[in-house]
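Residue strings, one per chain:
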Amino acid sequence: MIGKIVTGKSFGGAVEYVLRKEKARLLDSDGVDTESIRTIIDDFNFQRKARREIAKVVGHISLSFHRDDAPTLTDDRMRELAAAYMECMGIADTQYIVARHNDTVHPHLHIIYNRVKYDRTLVADKNERRRNVKVCKQLKRRYGLTFSNGKQNIKTERLHGADKVRQEVFDAVTRILPKCDRIADLSAKLKRQGIGVQFVHRGNDPKKAVQGVTFTKDGLTFKGSQVDRKFSYAGLSKTIRERVETLAREAADEEIKYMRERRREQERNTTPKPRKEERPQPPQVKQEETPRLQQSRQMQPASAEPKPSAPQQVEIGGTRFTQAQWRQLQETRTLRIIVRRSDANMLREYWFDNAGTLQYTLIALRRRDEAFTRELVTAIKGCRLTVQEQKQLYSEQGLIKAFRRQDGAVYRSRFGVESKPGKKDLLTECVLSVQQPQEVKPDTKPQVKSEQQQKPRPQVKQPENIQLHRKKGRGI
């Protein structure tokens, strides 16, 4: 069930279209004389004169239903649905007619109503389109109607003009979006399909943030929200972000699963097996050694005892290294290997930081079904990025880092990435703040020694007669 609302000025055109259609049937009405189409139009026009200052007083609503509901949509049920819809939308105490059309596969009806009520007030039209969507969903649940799958089942060959082009754009975005990790990838793949993508910046300033997206095909341009609500810039960003997070979560789950299996295998190998009860063995008869066996025993060194074999693989952070790779990592302090996944191959670089911790970053990504290798940004101003910093760099918020210049000034910048198909990702920088070094002024105040540094003066005991003279105020 889908409702479409149109507001107009002419009752004559609306009523003629609704009632003169082939096989059209008038189901319900109120406040108008249904003897003929002319009398219905005259009654509508007579009541509209109560509010001559209002031009658009013609309300026209078409309610379309799923073709699977056609067997149950009798005239009585259609009349009941129209009444329930008008009640939920606040269309009451006014003139209206309800007519049913049978010219399409989808059952549908039309409601023509007068926005000028009997008491000269107007039918409220505030947020009527939003309320229309909400009411249609409520009625579908209440009457058990079929929920359609949206635009995915529309037959494009039946559309014409702008509607056909819009549907083609919708199909292309729907098909390509699940294969993209960034909006730049979506833009590049749509251009190969002949669909142009233009990002709208805030205030039409390229330096400001992106707030919208448009699609152009065959000379027609549509906003992302006009193609579909979920194809706005915010909706596309959310879909891609959720997909990347899902892939990362699945990769982490695979690594955790593999690590658990490896740990169980190691515990199984190290757990001592229960010893079996030793049975008494018959005494062995010592055999004499041949001269050749004696000679080989003498040539064998005494320390030649079997040693445990070194592990063939070393596992760190869910990635397995061979002994040769681990030896190279310890000698050169850096190693590049390809980590294979179910949907992509990742070229990683491992190194030891100043604290001795093993870090890694992504250098390039390659899809299994594509020959293009995408080179990623791995360092900023000579400082290599960890995988966590790299994720922040490629996020919408970007990566904020602080650096110190040669003059001692400390500045904070927000770094991002600009991607172009077939080229290495470019690093972008936006300086947020600069903190100049503070000059240390010399302290001109005399330094006062602390109480511990000040030594107490020795007190000299004076004679009693001198103390008495001082009490009386006389000199010595």
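First, a word on scope: everything that follows refers to the structure included in this document.

What counts and what doesn't
- Residues numbered from 1 in each chain as written.
- Predicted model: local features only at pLDDT ≥ 70, side-chain atom pairs only at ≥ 80, totals over all residues.
- Heavy atoms only, no water.
- Helix = DSSP H or I, 4+ residues; strand = E, 2+ residues; numbered from the N terminus.
- Buried < 20%, exposed > 50% of the residue type's maximum accessible area, 1.4 Å probe, protein only.
- Pairing = 2+ DSSP bridges.
- Expected span 1.5 Å × (residues − 1).
- Arc of directions from axis to C-beta.
- Contact = heavy atoms within 4.5 Å.
- Axes fitted to C-alpha atoms, helices over the stretch in contact; angles between N-to-C directions.
- Parallel < 35°, antiparallel > 145°, perpendicular 65-115°, else oblique.
- Left-handed = near helix turned anticlockwise from the far one by under 90°.
- Core = buried A, V, L, I, M, F, W, Y, C linked by side-chain atoms within 4.5 Å.
- Salt bridge = Lys/Arg side-chain N within 4 Å of Asp/Glu carboxyl O.
- Polar contact = N/O pair within 3.5 Å; in protein donor to acceptor, adjacent residues only side chain to side chain.
- Disulfide = S-S within 2.5 Å.
- Phe/Tyr/Trp six-rings, centres within 6.5 Å; stacked < 30°, edge-to-face > 60°.

1. Some details on unusual backbone geometry
- Although it is not a glycine, Arg-120 adopts a positive phi angle of roughly 75°.
- Within the secondary structure, Arg-120 sits in the loop between strand 5 (108-114) and helix 4 (128-143).
- The phi torsion at Asn-204 lies on the positive side, around 55°, for a residue other than glycine.
- Counting through the fold element by element, Asn-204 comes out in the loop between strand 6 (196-201) and strand 7 (210-217).

2. Here we look at the pairing of strand 17 (residues 399-404)
- Because side chains alternate across strand 17, one face comprises the buried residues Leu-399, Lys-401 and Phe-403, and the other comprises Ile-400, Ala-402 and Arg-404, none of which is buried.
- Examined bridge by bridge, strand 17 and strand 18 (residues 410-418) share six bridges and lie antiparallel to one another. Bridged to Leu-399 within strand 18 is Phe-415.
- Hairpin remark: strand 17 followed by strand 18, antiparallel, with five residues in the connecting loop; positive phi at Gly-408, about 95°.

3. What to know about helix 4
- Here helix 4 is 16 residues long and its end C-alpha atoms lie 22 Å apart, about the 22 Å a rise of 1.5 Å per residue gives.
- Glu-128, Asn-132, Val-135, Cys-136, Leu-139, Lys-140 and Tyr-143 are the residues of helix 4 that are buried. One face of helix 4 carries all of its buried residues, which in axial projection span an arc of 135°. Counted as exposed and oriented over 90 degrees from the buried face of helix 4: Arg-130, Lys-134 and Arg-141.
- On its buried face, helix 4 is in contact with strand 1 (2-8), helix 3 (75-89) and strand 5.
- One or two positions beyond helix 4, positive phi appears at Gly-144, with a value near 70°.

4. Details of the packing of helix 3 against helix 4
- Between helix 3 and helix 4, whose axes approach to 10 Å, the crossing angle comes to 135°. The orientation of helix 3 relative to helix 4 falls into the category oblique. You can see that helix 3 and helix 4 cross each other, and the crossing is right-handed. Side by side, helix 3 and helix 4 meet where Arg-77, Glu-80, Leu-81, Ala-84, Tyr-85, Cys-88 and Met-89 of the first sit next to Glu-128, Arg-131, Asn-132, Val-135, Cys-136, Leu-139, Arg-142 and Tyr-143 of the second.

5. Some words on the environment of Val-417
- Secondary-structure assignment places Val-417 in strand 18.
- A sequence separation of ten residues divides Val-417 from Leu-427, and the C-alpha atoms of the two residues are 4.8 Å apart.
- Excluding its chain neighbours within four sequence positions, the residues that come into contact with Val-417 are Arg-182, Val-377, Leu-393, Tyr-394, Asp-425, Leu-426 and Thr-428.

6. What to know about the nonpolar core
- Counting 26 residues, the largest nonpolar core has Phe-65, Tyr-85 and Ile-111 as the members making the most contacts within it.
- Those elements giving two or more residues to this core turn out to be strand 3 (58-64), helix 3, strand 4 (96-101), strand 5 and helix 4.
- Apart from residues no more than four positions distant in its own chain, Phe-65 is found in contact with Met-1, Leu-73, Met-78, Leu-81, His-106, Pro-107, His-108, Leu-109 and Leu-145.
- Grouped together as the second largest cluster of nonpolar side chains are 20 residues, Val-173, Leu-190, Leu-236 and Ile-240 included.

7. A closer look at the pattern of salt bridges
- Across all of its chains, the model carries 16 salt bridges by this definition.
- In this structure, the salt-bridge partner of Asp-163 is Arg-166, at a minimum N-O distance of 2.9 Å. In this pair, Asp-163 and Arg-166 are both assigned in helix 5 (residues 161-176), three residues apart and thus about one turn of the helix distant.
- For Asp-163, a relative accessible area of 43% translates into the label partly exposed.
- Among the salt bridges present, the one from Glu-389 reaches Lys-401, with a minimum N-O distance of 3.7 Å. Of this pair, Glu-389 sits in helix 11 (residues 387-393) while Lys-401 sits in strand 17; the two residues are twelve residues apart in sequence, bridging distant segments of the chain.

8. Topic: the side chain of Asp-425
- Counting through the fold element by element, Asp-425 comes out in the loop between strand 18 and strand 19 (426-435).
- Only 2.8 Å separates the side chain of Asp-425 from the side chain of Tyr-394, close enough to count as a polar contact.
- Asp-425 has contacts with Arg-182, Arg-374, Glu-375, Leu-376, Val-377, Tyr-394, Val-417, Glu-418 and Ser-419, leaving out every residue within four places of it along the chain.

9. Points about the state of the cysteines
- What the rule picks out here adds up to zero disulfides.
- There is no disulfide at Cys-136, and the cysteine sulfur nearest it, in Cys-88, is 9.8 Å away.

10. Focus: the packing of aromatic side chains
- Going through the model one piece at a time under the given rule, you end up with three aromatic pairs.
- When the ring of Phe-11 is compared with that of Phe-44, the centres are 4.6 Å apart and the planes differ by 0°; the resulting orientation is stacked. Residue Phe-11 is located in helix 1 (residues 11-19), and its partner Phe-44 is located in helix 2 (residues 37-48); the two are separated by 33 residues in the primary sequence.
- With a relative accessible area of 1%, Phe-11 lands in the buried category.
- For the pair Phe-170 and Phe-231, a centre-to-centre distance of 5.5 Å together with 40° between the ring planes defines the contact as tilted. A residue pair is termed long-range when its members are at least 10 positions apart, and Phe-170 in helix 5 and Phe-231 in the loop between helix 7 (224-227) and helix 8 (233-270) qualify at 61 residues.
- For Phe-170, a relative accessible area of 3% gives the class buried.
- Accessibility expressed as a relative area gives 2% for Phe-231, which makes it buried.

11. As for the side chain of Lys-401
- Given the relative accessible area of 19%, Lys-401 is considered buried.
- With near-sequence residues (within four places) excluded, Lys-401 lies in contact with Ile-380, Leu-385, Glu-389, Tyr-411, Arg-412, Ser-413 and Phe-415.

12. Here we look at the sheet that holds strand 7
- Ordered by their spatial adjacency, three strands build an open sheet running 6-7-8, and the pairing between neighbours is antiparallel. In the strand order of this sheet, the two ends are held by strand 6 and strand 8 (220-223), each with one partner. The average angle at which neighbouring strand axes cross in this sheet is 30°, direction not considered.
- Here strand 6 pairs with strand 7 via six bridges, running antiparallel.

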